[in-house]
Amino acid sequence: MRLLSFLLLFYMLFACGSESSNQVIDTDKTVGKQVAVRGQLTNLDLRTLQNIKAAIHNGNDHFLSAYTTLLKDADSVMQDRLYAVTDKTTVPPSGDKHDYLSLGPYWWPDTTKPDSLPWIRRDGEVNPMTRGSNVDEPSKDAAFSNIYTLALAAYFSDNDRYAERAREQLRVWFLDEATRMNPNLKFGQGIPGRNTGRGIGIIEMIALGNVLTGMELLAANDQLPEEEEIAMNQWLTTFTDWLQTSEMGIAEREWHNNHGSWYDVQVVALLQHLGRPEEARIILMTAKEKRIAAHIDPDGSQPHELERTKSLGYSTMNLRGLTRLAYYGQKLGVDLWNYRPEDGGDLQAAYAYLQPYAFGPKVWPYEQLGSIEQAKAKTRYLFYETGAMLGISAYCDLMEGGNSPSPSSRSHLLHQCPPS
């Protein structure tokens, strides 16, 4: 009841003047495919996946455990329901349930105020009231994860039932008139008593990259009908335009920490997927100074992340985003990995800074709420992922001695480290 009271007051205060952004998807094919040539993946290497798939079908036991686990996960997802943005119990300020809605996770009711408003910030402490059925993030996470799992299973197994279920979830979240999400995040990470949404809510769509991969795998396996691909790319085009031109999108673009890095990751991935590489290259060129030099000190530390209460976790997260940009740069002819600024640090220095804390006995000297061991494990996995993505055998070698992912881990189907 307290939650309902807070949210009711929240939306009564700010609902006036908001507009619905419901837009009908037009499947007019004159828009064009707006997608990179089939056979190209934005976030993974298709040749690696093709080789692994062939090995699986030829009976190679090396991938059997990971493949079996993937199919079990997919079979479980097949029993799950379909998720929609309209599932939430709260109506956004626009009055339109098709608008995505979330609340700032680190904001809490002010218990010193009679109405608990405005909420106050407790960095790193997630308020459970921001993770319930009253908001969209849980449904979004489930929908995007399920699409990814099903598409991977469909690709590696050639089983069309996985593909069809992935397409059903795509249609429910993005395309069907009754349930589709409007292509904007105007009400992302709002703070009761302060605002109805903020640009930093854009970071909640990081997992859209998995949706792109799911679509691309289905298309590569001839399991995504052209009309659905066109309709999806129209939605993604509208969302990309909103990211690049809206006040909230521009504010997130200028953010100084991991939010700015992951904004670039999202936009570059979308532009690549939509067949707009020149626009993506411009962002990657800008990222040299705007993201790498500005985010990393000469010693390799990331000062904007070290000031957080989960400093190792956010240092790893930001470096993962910057590395993802370097991976895109490899594909588009922009070398971020070897970029060396005159003032400031670089990507390789950032890895060198984290390595002794992740793999050695050196004690992390900054605040890290939660399990430091879990944070270090995520940092170690970043070395493995980066070694595989960018072909750096030295990073992969660090994973020996019990640090490597489990043989049943999905990473064995997606990433292959180069030989030492």
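See above for the structure.
Residues numbered from 1 in each chain as written. Predicted model: local features only at pLDDT ≥ 70, side-chain atom pairs only at ≥ 80, totals over all residues. Heavy atoms only, no water.

**A look at the overall build of the protein chain**
Here's step 1: Looking only at helices and strands, the protein chain features 16 helices and four strands.
Here's step 2: Relative to the 2.2 N^0.38 estimate, which gives 22 Å for 420 residues, the radius of gyration of the protein chain is 22 Å and therefore close to what a compact globule would have.
Here's step 3: Each principal axis of the C-alpha atoms in the protein chain carries an extent, and together these give about 60 × 50 × 40 Å.
Here's step 4: In the protein chain, buried positions account for 57% of the 420 residues.
Here's step 5: Taken as a whole, the protein chain presents about 17400 Å² of accessible surface, with 52% of it coming from carbon and sulfur. (Helix = DSSP H or I, 4+ residues; strand = E, 2+ residues; numbered from the N terminus. Rg over C-alpha atoms; globule rule 2.2 N^0.38 Å. Buried < 20%, exposed > 50% of the residue type's maximum accessible area, 1.4 Å probe, protein only. Areas by Shrake-Rupley, 256 points an atom, 1.4 Å probe, with all protein chains shown as cover.)

**Quick word on the nonpolar core**
Here's step 1: Ranked by internal contacts, the top residues of the largest apolar core, which has 103 residues, are Phe156, Phe174, Leu208, Phe239, Leu325 and Leu413.
Here's step 2: At 12 residues, the largest contribution of residues to this core is made by helix H4 (residues 137-157).
Here's step 3: Discounting chain neighbours no more than four positions away, the residues touching Leu208 are Phe144, Phe174, Leu236, Phe239 and Leu270.
Here's step 4: Residues Leu103, Leu117, Trp119 and Val135 belong to the second largest nonpolar core, which totals seven residues. (Core = buried A, V, L, I, M, F, W, Y, C linked by side-chain atoms within 4.5 Å. Contact = heavy atoms within 4.5 Å.)

**Let's talk about the environment of Gly188**
Here's step 1: You can see Gly188 is positioned in strand S4 (residues 187-190).
Here's step 2: Between the C-alpha atom of Gly188 and that of Glu204, which follows or precedes it by 16 residues, the distance is 8.0 Å.
Here's step 3: Aside from chain neighbours lying at most four places away, what touches Gly188 is Tyr100, Ser102, Gly197, Arg198 and Gly201.

**Observations regarding unusual backbone geometry**
In most cases, non-glycine residues show a negative phi, while peptide bonds are predominantly trans.
Here's step 1: A cis geometry characterises the amide bond from Leu117 onward to Pro118, with omega recorded as -10°.
Here's step 2: Examined against the element boundaries, Pro118 turns out to sit in the loop between strand S2 (107-108) and strand S3 (120-121).
Here's step 3: In this structure, Ser116 takes a positive phi of about 65° despite not being glycine.
Here's step 4: With respect to the helices and strands, the residue Ser116 is situated in the loop between S2 and S3.

**So, the side chain of His98**
Here's step 1: Its place among the elements puts His98 in the loop between helix H3 (64-78) and strand S1 (101-103).
Here's step 2: In this structure the side chain of His98 is engaged in a polar contact, spanning 2.6 Å, whose partner is the backbone oxygen of Arg180.
Here's step 3: Contact partners of His98, with chain neighbours within four places excluded, come to Val85, Thr86, Glu177, Ala178, Thr179, Arg180, Met181 and Asn182. (Polar contact = N/O pair within 3.5 Å; in protein donor to acceptor, adjacent residues only side chain to side chain.)

**Some remarks on the environment of Leu185**
Here's step 1: Topologically, Leu185 is positioned in the loop between helix H5 (160-175) and S4.
Here's step 2: Given a relative accessible area of 0%, Leu185 falls into the buried group.
Here's step 3: Remark: the alpha-carbon pair of Leu185 and Ile202, spanning 17 residues in sequence, is separated by 6.5 Å.
Here's step 4: Setting aside residues up to four positions removed in sequence, Leu185 forms contacts with Tyr100, Gly201, Ile202, Met205, Phe239, Trp242 and Met248.

**A closer look at the side chain of Gln189**
Here's step 1: With respect to the element layout, Gln189 can be found in strand S4.
Here's step 2: At 3.1 Å, the side chain of Gln189 and the side chain of Glu204 are in polar contact.

**Some points on the pattern of salt bridges**
Here's step 1: Inspection of the entire model under this criterion finds 26 salt bridges.
Here's step 2: With its nearest N and O atoms 3.6 Å apart, the salt bridge here joins Lys113 to Asp110.
Here's step 3: A residue is classified by how much of its surface remains accessible, and Lys113, at 35% relative accessible area, is partly exposed.
Here's step 4: On the basis of relative accessible area, Asp110 is assigned to the buried category, the value being 9%. (Salt bridge = Lys/Arg side-chain N within 4 Å of Asp/Glu carboxyl O.)

**So, the state of the cysteines**
Here's step 1: A complete count under the given rule lists one disulfide for this structure.
Here's step 2: There is a disulfide in this structure between Cys396 and Cys417, and the S-S distance comes to 1.9 Å. Here the S-S torsion is close to -80°, and the disulfide linking Cys396 with Cys417 is therefore left-handed. Here Cys396, found in helix H15 (residues 393-397), pairs with Cys417, found in the segment after helix H16 (411-414); they are 21 residues apart in sequence, far enough to count as distant. (Disulfide = S-S within 2.5 Å.)

**Examining the packing of H3 against H4**
Each pair of packed helices can be described by the angle between their axes along with the distance between the axes.
Here's step 1: Two elements in contact, H3 and H4, have axes separated by 9 Å at closest approach and are oriented at 130°. Taken together, the axes of H3 and H4 lie oblique to each other. The handedness of the crossing between H3 and H4 comes out as left-handed. Residues Tyr67, Leu70, Leu71, Asp73, Ala74, Val77 and Met78 of H3 form the contact with H4, whose participating residues are Asn146, Thr149, Leu150, Leu152, Ala153, Phe156 and Ser157. (Axes fitted to C-alpha atoms, helices over the stretch in contact; angles between N-to-C directions. Parallel < 35°, antiparallel > 145°, perpendicular 65-115°, else oblique. Left-handed = near helix turned anticlockwise from the far one by under 90°.)

**What about the packing of H4 against helix H6 (residues 208-220)?**
Here's step 1: Viewed as axis vectors pointing N to C, H4 and H6 meet at an angle of 25°, and their least axial separation amounts to 8 Å. It follows from the interaxial angle that H4 and H6 lie roughly parallel. Crossing handedness for the pair H4 and H6: left-handed. Residues Phe144, Ile147, Tyr148, Ala151, Leu152, Ala154 and Tyr155 of H4 pack against Leu208, Asn210, Val211, Thr213, Gly214, Leu217 and Leu218 of H6.
Here's step 2: By residue class, the composition of the contact of H4 with H6 is 11 nonpolar, three polar and no charged. (Nonpolar A, V, L, I, M, F, W, Y, C, P; charged D, E, K, R; others polar.)

Without other data, these values stay purely geometric and don't point to any function.
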